[in-house]
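# Structural overview for review
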Amino acid sequence: MRKVLEDAAQRAISYLETLDSRPVAPLPNAVAKLSVLDQPLPEKPNKPETALKVLDEVCSPATMGISGRRFFGFVIGGSLPVTLAANWLAGAWDQNTGYYNITPATAYLEQIALGWLLDLLHLPRESGGGFVTGATVANFSALAAARHTVLKNAGWNVEADGLVGAPPITVIAGAEAHPTLTKSLGLLGLGRNRAIKIPVDSQGRMRAGALPPLSGPTIVCTQAGNVNTGAFDPISEICDLAHRSNAWVHVDGAFGLWARAVPSMAEVTRGMDKADSWATDFHKWLNVPYDSGIALVRDADALRAAMAITAEYLPTDSPFRGPSDFVPELSRRARGVEVWAALHSLGRTGVSEMIARNCRQARRFAEGLQAAGYEVLNQVVLNQVLVSFGDLAMTNRVIAAIQKDGTCWCGGTVWQGRTAMRISVCSWATTDDDVELSLKAMLRIAKECKQ
Ligand SMILES: *Cc1c(COP(=O)(O)O)cnc(C)c1O
């Protein structure tokens, strides 16, 4: 056992140590070599070392350098070394973290991590939380709690009786709501296309003034951190309007919620604590390994009512928080362990510094690109930069060339009809030198593409 585990650790360490000296995207020949995996199911056992050898020699080169320093695609963080190490240890523990009575250590860690998170993000301390796979399931879980409460207030028990025959729920979302929020609404029987879509401004922010008059069971879905621009909906204002009619306000803050850890960003994140529920990711900006996020609900009982199960063989009588009572899963890995390790090692100032540094680095990208004459399409209020290199064909050509060059990696998008390259800075590992190196590569490549 020791041999195979030490072999894995050595290989992982070597992988991470050499990641920044290879192209960020895997080379085409490395991807082509994956075909050596096309083999029939082994009839007989193989040595465990052989599996590791294949994984490392065939698959490591074909990975995207997401945990490296210059990956700026989507909104994807790396993994702080302490969180990867915690993940390894928690993997060895193999705790099915459903109930405190069975797995006290990991259930306890999640409880502590939840309290720390609420403190860090200045959210109501009484809130309940479910450690889930990411913001998609966090949105789903928080909106299940919302569905529970708005229907309970209308005299309907949705968990027992379902949606057939239930009072209708009005759902309101910004036109720029993330597609996973739309999917969550579909999973909850609230319809992917049923929500009233509120028009947005040039940054993708919902116009609070465009909210219709609200009455009856209503859920308003807001966003902290637009996936393209990083912009925030006017959440404080929306909470004030929606709460007058007893509507539920949810915040999809997959990455934007982390700005609440930064004192100097208090103005943009003001009033978010007035909402009823929040979803955020850990695997994005907290830089823990996949997959990890959390659903936070002010009324912990609403989340529990939507998620808890009872069965004779399950130990649900514990006075201590049962992790599975707050999530869709029963059996689950101890996601909170890495979250605890990240918060323990960074502390309040470390998280704040990391978020603020990435935002500053994003502004540096914007400034450097603008100085060279390229148009930045968004106000850089967070960690996202949208840049155009000219028309659609030119911008796409530059994006492809940047990806091929391998110094860094950025993806593309279409923002309000215009094709753009997206730069998302959210890795603990990105240094200011990495930003300069990447910026230099972008400018060189863009110039070459124009010739
Ligand atoms: C990334 C993201 C999601 C989805 O999160 P996953 O972790 O991929 O499930 C939802 N909303 C927003 C705003 C996001 O940026």
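Fair warning: this is a prediction, and the values are worked out from it, not measured in the lab.

## Focus on the sheet that holds strand E8 (residues 375–376)
The sheet built from four strands is open, its strands ordered E8-E9-E11-E10 with antiparallel pairing. The open sheet has two free edges, formed respectively by E8 and strand E10 (411–415), since each of these has just one partner strand. Relative to strand E9 (residues 384–388), E8 is paired through two bridges, and the arrangement is antiparallel. The partner of Val 376 across the bridge, within E9, is Val 387. Running over the sheet, helix H11 (residues 336–371) touches E8, E9 and strand E11 (418–424) and is turned about 15 degrees from E9.

## A short note on the packing of aromatic side chains
Taken as a whole and judged by the stated rule, the model has nine aromatic pairs. Measuring from ring centre to ring centre gives 5.1 Å for Phe 72 and Phe 365, while their planes differ by 75 degrees; the resulting arrangement is edge-to-face. Here the residue Phe 72 occupies a position in the loop between helix H3 (48–59) and helix H4 (81–93), and Phe 365 occupies one in helix H11, the gap between them amounting to 293 residues. Assessed through its relative accessible area of 0%, Phe 365 is described here as buried. Aromatic pair Phe 131 and Phe 282: ring centres 5.9 Å apart, planes at 20 degrees, arrangement stacked. Placement of the pair is Phe 131 in strand E1 (residues 128–132) and Phe 282 in the loop between strand E6 (277–281) and strand E7 (293–297), with a sequence separation of 151 residues. No difference in accessibility class separates Phe 131 from Phe 282, as the two residues are buried.

## Remarks on the site of the ligand
Neighbouring residues of the ligand: 14 residues in total, closest Thr 136, Asp 252, Asp 281, His 283 and Lys 284. The contact in question runs from an oxygen atom of the ligand to an N or O atom on the side chain of Thr 136, over 2.6 Å. Asp 252 has a polar side-chain atom sitting 2.7 Å from a nitrogen atom of the ligand. Here the shell around the ligand is composed, by residue class, of four nonpolar, seven polar and three charged.

## Some words on the pairing of E11
Walk down a regular strand and you will see the side chains alternate between the two sheet faces. Burial analysis of E11 places six of its seven residues in the buried class, the great majority of the element. Taken together, the four bridges between E9 and E11 define a ladder with antiparallel strand orientation. Looking across to E11, one finds that Val 387 is bridged to Met 421. For E10 and E11, the ladder comprises five bridges, and the chain directions are antiparallel. Counterpart to Trp 415 in the pairing with E11 is Arg 418. What sits between E10 and E11 in their antiparallel hairpin is a turn of two residues, with Gln 416 showing a positive phi close to 45 degrees.

## So, the side chain of Thr 229
On the secondary structure map, Thr 229 appears in the loop between strand E4 (218–223) and helix H9 (235–244). Judged by its relative accessible area of 0%, Thr 229 is buried. Within the structure, Thr 229 has its side chain in polar contact with the backbone oxygen of Gln 203 (distance 2.8 Å). Of note is the side chain of Thr 229, whose polar atom sits 3.1 Å from the backbone nitrogen of Ala 231. Residues in contact with Thr 229, not counting those within four places in the same chain, are Gln 203, Asn 378, Gln 379, Val 381, Gln 384, Leu 386 and Trp 415.

## Thoughts on unusual backbone geometry
For the peptide bond that leads from Tyr 290 to Asp 291, omega is -15 degrees, which places it in the cis range. Along the chain, Asp 291 turns up in the loop between E6 and E7. Positive phi, close to 55 degrees, is recorded for His 122, a residue that is not glycine. Looking at His 122, the relative accessible area reads 45%, which means it is partly exposed. If you check the backbone angles, Asn 287 has positive phi at about 60 degrees while not being a glycine. Considering the arrangement of structural elements, one finds Asn 287 in the loop between E6 and E7.

## Description of the domain arrangement of the chain
Here the chain is partitioned into domain 1 (2–68) and domain 2 (85–342). Between the C-alpha centres of domain 1 and domain 2 the distance comes to 35 Å.

## Observations regarding the packing of helix H12 (residues 392–405) against helix H13 (residues 432–450)
Look at H12 against H13: their axes get within 9 Å of each other, and the N-to-C directions meet at 130 degrees. Our classification of the angle between H12 and H13 gives oblique. Pair H12 / H13 crosses with right-handed handedness. Across from Met 394, Arg 397, Val 398, Ala 401, Ile 402 and Asp 405 in H12, the residues of H13 making contact are Ala 441, Met 442, Arg 444, Ile 445, Ala 446, Cys 449 and Lys 450. Grouping the constituent residues of the contact of H12 with H13 by class yields nine nonpolar, no polar and four charged.

## Some words on the environment of Thr 106
As for its position among the elements, Thr 106 is in helix H5 (residues 104–120). Apart from the residues lying within four places of it in its own chain, the contact partners of Thr 106 are Trp 93, Gln 95, Thr 97, Ala 334 and Val 337.

## Looking at the pattern of salt bridges
Within the structure shown, the criterion is met by 26 salt bridges. Arg 205 serves as the salt-bridge partner of Asp 201, at 2.7 Å between the closest nitrogen and oxygen. By relative accessible area, Asp 201 is classed as buried at 16%. On the basis of relative accessibility, which here comes to 27%, the residue Arg 205 falls in the partly exposed class. Its salt-bridge partner being Glu 448, residue Arg 444 comes within 3.6 Å of it at the nearest N-O pair. Placement of the pair is Arg 444 and Glu 448 together in helix H13, with a separation of four residues, close to one helical turn. Under the relative-accessibility criterion, Glu 448 is labelled partly exposed at 44%.

What counts as what
- Residues numbered from 1 in each chain as written.
- Predicted model: local features only at pLDDT ≥ 70, side-chain atom pairs only at ≥ 80, totals over all residues.
- Heavy atoms only, no water.
- Pairing = 2+ DSSP bridges.
- Helix = DSSP H or I, 4+ residues; strand = E, 2+ residues; numbered from the N terminus.
- Contact = heavy atoms within 4.5 Å.
- Axes fitted to C-alpha atoms, helices over the stretch in contact; angles between N-to-C directions.
- Phe/Tyr/Trp six-rings, centres within 6.5 Å; stacked < 30°, edge-to-face > 60°.
- Buried < 20%, exposed > 50% of the residue type's maximum accessible area, 1.4 Å probe, protein only.
- Near = heavy atom within 4 Å.
- Polar contact = N/O pair within 3.5 Å; in protein donor to acceptor, adjacent residues only side chain to side chain.
- Nonpolar A, V, L, I, M, F, W, Y, C, P; charged D, E, K, R; others polar.
- Domains from an automatic or database assignment.
- Parallel < 35°, antiparallel > 145°, perpendicular 65-115°, else oblique.
- Left-handed = near helix turned anticlockwise from the far one by under 90°.
- Salt bridge = Lys/Arg side-chain N within 4 Å of Asp/Glu carboxyl O.

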